[in-house]
Amino acid sequence: MTIRVDDLADVRAGDKGDTLMLAVFPRGDEEFGILRERLTAEAVGGHFAPLVTGPVHRHVVPGLPALVFRIPGVLGGGVTGSATLDGHGKTLSYHLLTLELPPGPDGDPVVRR
Amino acid sequence: MSAGRTVRLGAGAGFAGDRIDPAVELAQHGALDYLVFECLGERTVAAGHTRRLADPHAGYDPLLAARLRAVLPHCRDAGTTVVTNSGAANPEAAGVRAAEVIRELGLPSRVATVTGDDVLDAVRRRDPRVWETGTRLSEIGEELISANAYLGAEPVAQALASGADVVVTGRVADPALYLGPLLHEHGWDRGDPTLLGRGTLVGHLLECAGQLTGGYFADPLTKPVPDPAHLGFPFADVGPDGSAVFGKLARSGGRLDARTCGEQLLYEVDDPGGYVTPDVVADFSGVTFTESGPDRVVASGATGRARPDTLKVTLGFRGGWLGEGQITYAGPRCLDRARLAADIVRERLVSVHGLDETAVEVEYIGAGAAFRGLGGLAGLGGLGGPAAQAVDPVEVRLRVAARVASEEAASVVGWEVESLYTNGPAGGGGARREHREIVAVRSCLLPVEDVRPVVTVL
């Protein structure tokens, strides 16, 4: 069974102009290990294609722990440039939760809830 | 100034429209030294300027008087000083209004204002490069109506040193509203980036008020929050070395723990190692949170580097008008009928009213609109794959919106949606329409020496 980000972490969205920022908070150390390895900038970029206009950047914040993604272009004009209802892209945090992770080398762990 | 003392800062508001009762609860029961109302977003300032252009006495937060009336009697009893950026586009008028409220309440409190963030003349002179367009300011065709520099904590500290009980500012950086009282109380060296970084961490965590205590956090399955209807706002006890313990009142709802703090720490922060403010480039990359008791969290590990020699400026332009209309379709083939309705509206906006087709945006709310087509119906319930596209949602709300140059053109967008009632597909209901002027917000930098903060005691 594939696992989704929703099984391992919580996500908060923020915006700066056209750029969507997503902060991913693993629910434990094991979850952090899995996400650090498999939730790459490329995987996140692919999940938000074709809206992405440039390279996705990932910061790792081990102290929390958390992963921060900067995804350019998704917000198409930003909150004052677009007529879209959710111009901030606040709801898009839950789109990242639907990302299915590629399987790991040792198979997938039992998901805790 | 009493070196060695711990200072308690409370969050009274996290945005212009925030609730008032949690601030009253803190003012009454929180034993606060300072109560801070952060009420400005980028667009709030620019929108305030459009109101000020129409009425020279307007342009500050419309809730300013209501907030002050609700908390000031308690603040007087507890010896709490109020700091707020509710002055928005007109801190002078906001200061006068605050003084009126104080007189009406019969309190002896004194008001100071911080101004000088209005840099319209300076940006016209400097003609800086605009971040979003990459061009010089003068090359932008839209009418520039406002330019506000982000002031730092120093003028706030100066206003407090003047003996003010209520400090009203315009555009001051959100964390600086909290850093100002710390500079004043602890007498911190303005050249010590570590202390400034620690104080900025405190401000950043408190600036969104309820977002630290379980607001914008709750998910019934994964992240339950107790009693969110009575969400309490947070406070922080900050020592002379910048060490900070965050808490909330036991009587209030919400939760305060390492997870709520983690989410707020990284909110709208794209580089945790370089959070740029007018006072310091704070480094949050080594921050950790330790739960020291129920709803008590110790935050530590923030540092900082010297501030840049430029200040960020928010530019407001008249950005035309937004018109929109919405209507609901439900039951069998609702998405097909909503699509037909959208086709009708789009064609008429172009052929009858002369709108540019590329300005018209269509969203099918309930069928994946929020995810901008990324998830389709899959986002609704995990119905992945192409088959999901064939599944009819229970109901769809069609939204047609357009950004256009004139009020007249904006008003026809909602009109055409509304006229679907007697002219469009079967079973449409609940049509609504509105239109409003848009303020487009962009950013640039100005050298620090171009910006002169002014403290005035009323």
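Just so it is clear, the model here is predicted, and its values are computed rather than measured.

Would you mind showing me how to read the overall build of chain B here?
When helices and strands are counted, chain B shows 13 helices and 18 strands. A compact globule built from 458 residues should have a C-alpha radius of gyration of about 23 Å, and chain B, at 25 Å, falls within 12% of that. Once the C-alpha set of chain B is aligned to its principal axes, its extents read approximately 70 × 55 × 45 Å. Out of the 458 residues belonging to chain B, those deemed buried represent 53%. A fraction of 76% describes how many contacts in chain B between residues 6 or more apart in sequence connect residues 24 or more apart.

Just checking my understanding: could you explain the interface of chain A and chain B for this structure?
The parts lose accessible area when they come together, and the size of an interface is often stated as this lost area. Listed per partner, the contact involves 26 residues of chain A and 37 residues of chain B. Counting residues per element, the ones that place at least two in the side of chain A that touches chain B are β1 (9-16), β2 (19-26), β3 (57-61) and β4 (66-71) of chain A. At four residues, the largest contribution of residues to the side of chain A that touches chain B is made by β1 of chain A. Of the residues belonging to the side of chain A that touches chain B, the class tally is twelve nonpolar, nine polar and five charged.

What should I look at first to understand helix α3 (residues 64-78) of chain B in this one?
Along an α-helix, residues three or four apart share an orientation, since each turn contains 3.6 residues. All names here are of chain B. Relative to the 21 Å expected for 15 residues at 1.5 Å per residue, α3 spans 20 Å between its end C-alpha atoms, a close match to the ideal helical length. Within α3, the axis deviates most sharply at V71, by approximately 40 degrees, and proline P73 lies no more than four positions further along. Within the span of α3, buried status applies to L64, R67, L68, V71, L72 and C75. Looking at the packing, one finds that the buried side of α3 touches β1 (7-13), α1 (21-29), β2 (34-37), β3 (81-84) and α4 (91-105).

Please clarify how the nonpolar core should be interpreted in this entry.
Nonpolar side chains in soluble globular proteins tend to be buried together. Judged by nonpolar contacts, the single largest core of 167 residues is most densely connected at L22 and V24 of chain A together with L9, L35, V156 and V167 of chain B. Formed jointly, this core draws a minimum of three residues from each of two domains, domain 1 (7-116 + 151-308) and domain 2 (316-442) of chain B.

Sorry if this is basic, but what is going on with the domain arrangement of chain B here?
All names here are of chain B. According to the domain assignment, chain B consists of domain 1 (7-116 + 151-308) and domain 2 (316-442). Between the C-alpha centres of domain 1 and domain 2 there is a distance of 38 Å. On the side of domain 2, four residues touch domain 1, which itself brings seven residues to the contact. The class makeup of the residues in the side of domain 1 that touches domain 2 is three nonpolar, two polar and two charged.

So what exactly am I meant to see when it comes to helix α2 (residues 42-54) of chain B here?
Along α2 of chain B, the positions that sit buried rather than exposed are E42, T44, V45, A46, A47, G48 and H49 of chain B. On the buried face of α2 of chain B, the contacting elements are β5 (144-149), β14 (310-330) and β17 (429-447) of chain B.

Explain the sheet that holds strand β10 (residues 280-283) of chain B to me, please; I cannot follow it from the model alone.
Strands in a sheet are paired, the pairing made by backbone hydrogen bonds, and the direction either parallel or antiparallel. All names here are of chain B. What the three strands build is an open sheet, ordered β9-β10-β13; its pairing is antiparallel. Here the strands that pair on one side only, and so sit at the sheet edges, are β9 (275-276) and β13 (303-306). Where β10 and β13 come together, four bridges link them in antiparallel fashion. Bridge pairing links V281 to R305 in β13. Relative to the sheet, helix α8 (residues 193-206) contacts β10 and β13, its axis offset from that of β13 by approximately 120 degrees.

What is the right way to read the packing of helix α7 (residues 176-186) of chain B against α8 of chain B from this model?
Residue and element names in this part refer to chain B. Across the interface, α7 lies against α8 with an axial gap of 7 Å and an inter-helix angle of 135 degrees. Between α7 and α8, the interaxial angle falls into the category oblique. As for how α7 packs across α8, the hand of that crossing is right-handed. Together, A176, L177, Y178, L179 and L182 of α7 and L196, G199, T200, V202, G203 and L206 of α8 make up the contact between the two elements. Split into classes, the residues belonging to the contact of α7 with α8 amount to eight nonpolar, three polar and no charged.

When you look at the environment of T314 of chain B in this model, what are you seeing that I'm missing?
Residue and element names in this part refer to chain B. Counting through the fold element by element, T314 comes out in strand β14. Distance in space between the C-alpha atoms of T314 and Y150 is 7.9 Å, their sequence separation being 164 residues. Look past the residues within four positions of T314 in its chain and what remains in contact with it is E42, V45, A46, N148, R171, V441 and S443.

Criteria and thresholds
- Residues numbered from 1 in each chain as written.
- Chains lettered and ligands numbered in written order.
- Predicted model: local features only at pLDDT ≥ 70, side-chain atom pairs only at ≥ 80, totals over all residues.
- Helix = DSSP H or I, 4+ residues; strand = E, 2+ residues; numbered from the N terminus.
- Rg over C-alpha atoms; globule rule 2.2 N^0.38 Å.
- Buried ≥ 20, exposed ≤ 12 C-beta atoms within 10 Å, placed from the backbone.
- Contact = placed C-beta atoms within 7 Å.
- Nonpolar A, V, L, I, M, F, W, Y, C, P; charged D, E, K, R; others polar.
- Expected span 1.5 Å × (residues − 1).
- Bend = angle between axes of the 7 residues up to and from the residue.
- Core = buried A, V, L, I, M, F, W, Y, C linked by C-beta atoms within 7 Å.
- Domains from an automatic or database assignment.
- Pairing = 2+ DSSP bridges.
- Axes fitted to C-alpha atoms, helices over the stretch in contact; angles between N-to-C directions.
- Parallel < 35°, antiparallel > 145°, perpendicular 65-115°, else oblique.
- Left-handed = near helix turned anticlockwise from the far one by under 90°.

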